[in-house]
Every structure is written in C-alpha cells, then in structure tokens.
Amino acid sequence: MNILQDVDLSQYSTMRLGGHARYLTEVTSRREIEEAVAWAVEHEMPPLMIGSGSNIVWRDEGFEGLLLINKMMKYEDFAEDELNHYLTVGAGENWDSVVERSVVAGLSGIEALSLIPGTAGATPIQNVGAYGQEIADVLVSIEAYDLHTRTFLTIPASDCASGYRTSRFKTTDHDRFLICSLTMHLLLQNPGPPFYRALAEHFAEHSITTFTPQVVRDAVIQIRSSKLPDPAKVANNGSFFANPIIDAGLLTQLQADYIDMPYWPVGDDSGNAKVPAAWLIEQAGFKDFHDPETGMATWPSQPLVLVNEHASSTADLLKFKQKIVDAVQTKFQITLQQEPELLP
Ligand code: NAP
C-alpha cells in the first residue's frame, strides 16, 4: 500500500479547489480496501472513498484522514440469452468508457447516460439520470464494503432506496459503504420512441428515423457537448444544483406571475412539478454571469453549471453559490439544493 501525505485536494475535484488531504492511497482490489481501512482504524482517522472527483467540492480546511481513490477495474458481460445481458463493472472504471463499450456491443439501457463525467461507482449514489434513463432502471446489485461490519456484501437494487437523483448511499447510509462494483441488466436490442424531448427534437432536426444505442449515444454526446464545458479544460462540477420539485400550490402561484415558466408534472397525483433550475437561475439574473468578487461564473449555454474562472478558494465558490441561491429564493420562493457533495 502506497500512502501519500499532505496531498493537494484540488487535483481530486474537477472544480480545482480545496485544501489538503493528510493521507491518500489508491485501491485496486478488495484486499487493498481491507488494508487501507485497517490502516485508517489503526491510525484513528476516518477513511473516505472517492472516484474521479467530478461531483465533489473539497472544503478549504482539507481532510484529516485517509482518502481512498477507487481504481477498481472490471468489465464483465454475461449473456444470459440472446436478449438479456448482465454487465458487471468495477467502481473505478470511467463511466463514459463503460457506456461506450456497452453501446459498441449493441446493448441498450445506459446509452442516454453518455458523456456523464466520473466513475461507474459514483453513479448509484445519486442515481445518475439523463434524457429519460437512470441507473436505477438497470441496476441489479452493488458489491460494497460495509464500514460498520467491516465485511463485503452484495446489496440488491431493491435495497438501494433509489429516488430522483438520490439513494440510501447519499442519505441514510451516507459514509457507510465503499462501492466496489455494480451489476446492470442491459438488453441486446435497439431503443425505440418515445424519446425524451431534447432527443426527439434532435432526431427530428437531423431526420434520424433508425434508432440504435449508438445513434442515441451520438445524439446525447452532441447535445451535451454543445451545452456543457469539458471538465478537462474548464474547472466545473457539471450541474451545480438539482432541478427542484415544487408543490402544486407554489406552482399555481408562480404560473400566475410567470406564464412561460417551464415545468413537468412529476407523474403522480400530487400535482407537484419539476422546474428546470437553469431557467430559475437565468430569470434571477445569472445568465452568462461573471463575478469579479469571487472569480466564479455561470457557463454561457447552461447557467446550471458554475465554472471556476479564477477563484482562489472553496469559500469563493460557496459565496457565489449563495448569491444565486438567495436571488432564486427571493424571486421564486424556491431553495435550490447543491448537487455536488461538499467534503468532508
Ligand atoms: P433539461 O433536459 O431541459 O431538463 C431540465 C429539467 O426539466 C429536468 O428536471 C428534466 O427532468 C425536466 N424535463 C425536461 N424534459 C422533460 C420531459 N420530457 N419529461 C419530464 N421532465 C422533463 O435540462 P438539462 O439540465 O440540460 O439536463 C439534461 C438531462 O441531464 C436531464 O435529464 C437532467 O435530469 C440530466 N442531468 C442529470 C444530472 C444528475 O444525474 N446528477 C445532472 C445534470 C443533468 P429529468 O431530470 O427527469 O430529466
């Protein structure tokens, strides 16, 4: 086990901010997880696992513990029959590479989750979803290390408490499990309509009428790359706020004042609706906004993405975030929730 000391955490967040980690090690196997956790326990410090830092904001104070970087690699495709495939992938695999390989194999189920930054192991934590698909739709089980019992276990998808961009790993069991791998059920078949609106519009515009996993992946890549900055070039954490769900009462009230406010009913009898956070932020005056005080900005084609232009600390980022939260709260009585996790 190679343990590094006093490591700059800004290298482990695509926002490129944060303090230092007291200790850091990479883990590539179950045995290395056991060793690392035992070392942390022996040295009386907390272990913490991350993937590639695409959805993490580090505090300026840093982390007084042992940071485990998940590098567990695996890609195993088990074909049960001509239609049903079970794909088991290591938590440390780059998510988009997993999507690419499955799409090249003709498998359907995660093609709309193309180009989402981060590792495979991070996807069940917030039940990553986009363009009408989410991990919970295909998840079979997760293999994890339980820090409470210090054993490995298999958690079936039905025990993950997955919801809209959430799961037990983000809520009740936050900090309990280290995810090692996940198994997904994919189908060797072509996807079909109806497609999510942005995809349907793209297909209509490009006169695309034959749909394969690759066609959907290509469309998602085009849509995402036209709207979102590449985290390798521009420091950002993707969407910084979740799309809020508001109750029927507030929806009616806001519709009276904002006739063209976009919204989507959540799909039950509650009358509650999802409202695009991007629209709220734009309306609150933060479209293509560059803040000289903090060095932060909103991305011109997607104000939901906060970019670090020349911020010097996480405090700057949080100050900018609060300006947006306050403006949206004042105008719409909606409290935006931060999506990237503030660690530790
Ligand atoms: P978008 O597609 O315009 O979506 C903005 C909001 O409107 C989302 O809440 C979305 O719901 C909803 N929406 C749009 N079309 C809908 C439809 N036909 N039916 C129901 N709801 C609809 O904006 P975007 O911000 O560029 O996001 C693109 C996709 O990436 C969305 O699916 C979004 O959820 C996803 N995304 C996921 C994450 C994550 O997993 N953490 C982060 C950022 C974006 P849905 O959220 O249910 O799609």
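Scoring rules and cut-offs
- Residues numbered from 1 in each chain as written.
- Predicted model: local features only at pLDDT ≥ 70, side-chain atom pairs only at ≥ 80, totals over all residues.
- Heavy atoms only, no water.
- Near = heavy atom within 4 Å.
- Polar contact = N/O pair within 3.5 Å; in protein donor to acceptor, adjacent residues only side chain to side chain.
- Areas by Shrake-Rupley, 256 points an atom, 1.4 Å probe, with all protein chains shown as cover.
- Helix = DSSP H or I, 4+ residues; strand = E, 2+ residues; numbered from the N terminus.
- Contact = heavy atoms within 4.5 Å.
- Buried < 20%, exposed > 50% of the residue type's maximum accessible area, 1.4 Å probe, protein only.
- Lys, Arg positive; Asp, Glu negative; His and termini not counted.
- Salt bridge = Lys/Arg side-chain N within 4 Å of Asp/Glu carboxyl O.
- Pairing = 2+ DSSP bridges.
- Axes fitted to C-alpha atoms, helices over the stretch in contact; angles between N-to-C directions.
- Expected span 1.5 Å × (residues − 1).
- Parallel < 35°, antiparallel > 145°, perpendicular 65-115°, else oblique.
- Nonpolar A, V, L, I, M, F, W, Y, C, P; charged D, E, K, R; others polar.

A.B. asks: Please clarify how the site of the ligand should be interpreted in this entry.
C.D. replies: For the ligand, the set of nearby residues contains 18 residues, the closest of which are Gly129, Tyr164, Tyr196, Lys227 and Lys274. Taking Tyr164, its side chain carries an N or O atom lying 2.4 Å from an oxygen atom of the ligand. Arg165 places a side-chain nitrogen or oxygen 2.9 Å from an oxygen atom of the ligand. The fraction of the free accessible surface of the ligand (790 Å²) that becomes covered by protein chains is 79%. At the level of secondary structure, the elements contributing two or more residues to the shell around the ligand comprise strand 8 (129–130) and strand 19 (302–308).

A.B. asks: I would appreciate a short explanation of the environment of Ser10 in the present structure.
C.D. replies: Within the secondary structure layout, Ser10 lies in the loop between strand 1 (4–8) and strand 2 (20–27). For the pair Ser10 and His20, spaced 10 residues apart in the sequence, the C-alpha separation amounts to 7.9 Å. Apart from the residues within four sequence positions on either side, Ser10 is in contact with Arg16, Leu17, Gly18 and Gly19. Among the polar contacts listed, one links the side chain of Ser10 to the side chain of Gln11, at a separation of 3.4 Å.

A.B. asks: Can you walk me through the side chain of Glu93 in this structure?
C.D. replies: Its location among the elements puts Glu93 in the loop between strand 7 (84–90) and helix 2 (95–104). The charged side chain of Glu93 is buried without a salt bridge, its nearest counter-charge being Arg101 at 5.3 Å. Excluding residues that lie within four positions of it along the chain, Glu93 makes contacts with Met72, Met73, Lys74, Tyr75, Val98, Gly118, Thr119 and Ala120.

A.B. asks: What exactly am I supposed to notice about the sheet that holds strand 1 here?
C.D. replies: Taking strand neighbours across the sheet as the criterion, the four strands line up as 1-2-5-3 in an open arrangement whose pairing is mixed. Among the strands making up the open sheet, the edge pair consists of strand 1 and strand 3 (47–50). Pairs of neighbouring strands in the sheet enclose a mean axial angle of 45 degrees, with direction left out of account. Relative to strand 5 (residues 63–70), strand 2 runs parallel, the two being bridged by six bridges. Within the sheet, the bridge partner assigned to Thr25 lies in strand 5 and is Leu68. On the sheet, helix 1 (residues 30–42) packs against strand 2, strand 3 and strand 5 and is oriented at approximately 155 degrees with respect to strand 2.

A.B. asks: What's the story with the sheet that holds strand 6 (residues 75–79) in this structure? I'm lost.
C.D. replies: Spatial ordering of the open sheet is given by 6-7-12-10-11, a layout of five strands whose pairing is antiparallel. Both edges of this open sheet fall to strand 6 and strand 11 (151–156), since each of them pairs with a single strand only. Taking each pair of neighbouring strands and ignoring which way they run, the sheet shows an average axis angle of 20 degrees. The sheet contact formed by strand 10 (residues 139–146) and strand 11 spans six bridges and is antiparallel. Paired with Tyr145 across the strands is Phe152, a residue of strand 11. Contacts from helix 1 reach strand 10, strand 11 and strand 12 (177–187), with the element oriented near 40 degrees to strand 10.

A.B. asks: Can you walk me through helix 5 (residues 213–227) in this structure?
C.D. replies: Helical geometry note: an α-helix holds 3.6 residues per turn, so side chains three or four residues apart project in the same direction. A rise of 1.5 Å per residue sets the reference length of helix 5, with its 15 residues, at 21 Å; its end C-alpha atoms lie 21 Å apart and thus fit the reference within 8%. The secondary structure elements touched by the buried residues of helix 5 are helix 2 and helix 4 (197–205).

A.B. asks: Looking at this structure, I do not really get the pattern of salt bridges. What am I missing?
C.D. replies: Working definition: two side chains of opposite charge can pair if their charged atoms are close together. Counted under the stated rule, the structure contains 14 salt bridges. As a salt-bridge pair, Glu35 and Arg31 come within 2.5 Å of each other at their nearest N and O atoms. Separated by four residues within a single helix, Glu35 and Arg31 lie in helix 1, roughly one turn from each other. Overall, Glu35 belongs to the partly exposed group, its relative accessible area being 30%.

A.B. asks: Can you help me understand the packing of helix 7 (residues 277–286) against helix 8 (residues 314–332) in this one?
C.D. replies: A pair of packed helices is characterised by two quantities: the angle between their axes and the separation of those axes. Orientation of helix 7 relative to helix 8, taken along the N-to-C sense of each, is 95 degrees, at an axis distance of 9 Å. The angle between helix 7 and helix 8 falls in the class roughly perpendicular. Taken together, the residues of helix 8 that come into contact with helix 7 (itself represented by Trp279, Leu280, Ile281, Gln283, Ala284 and Phe286) are Phe320, Lys323, Ile324, Ala327, Val328, Lys331 and Phe332. Across the contact of helix 7 with helix 8, the residue classes break down as 10 nonpolar, one polar and two charged.

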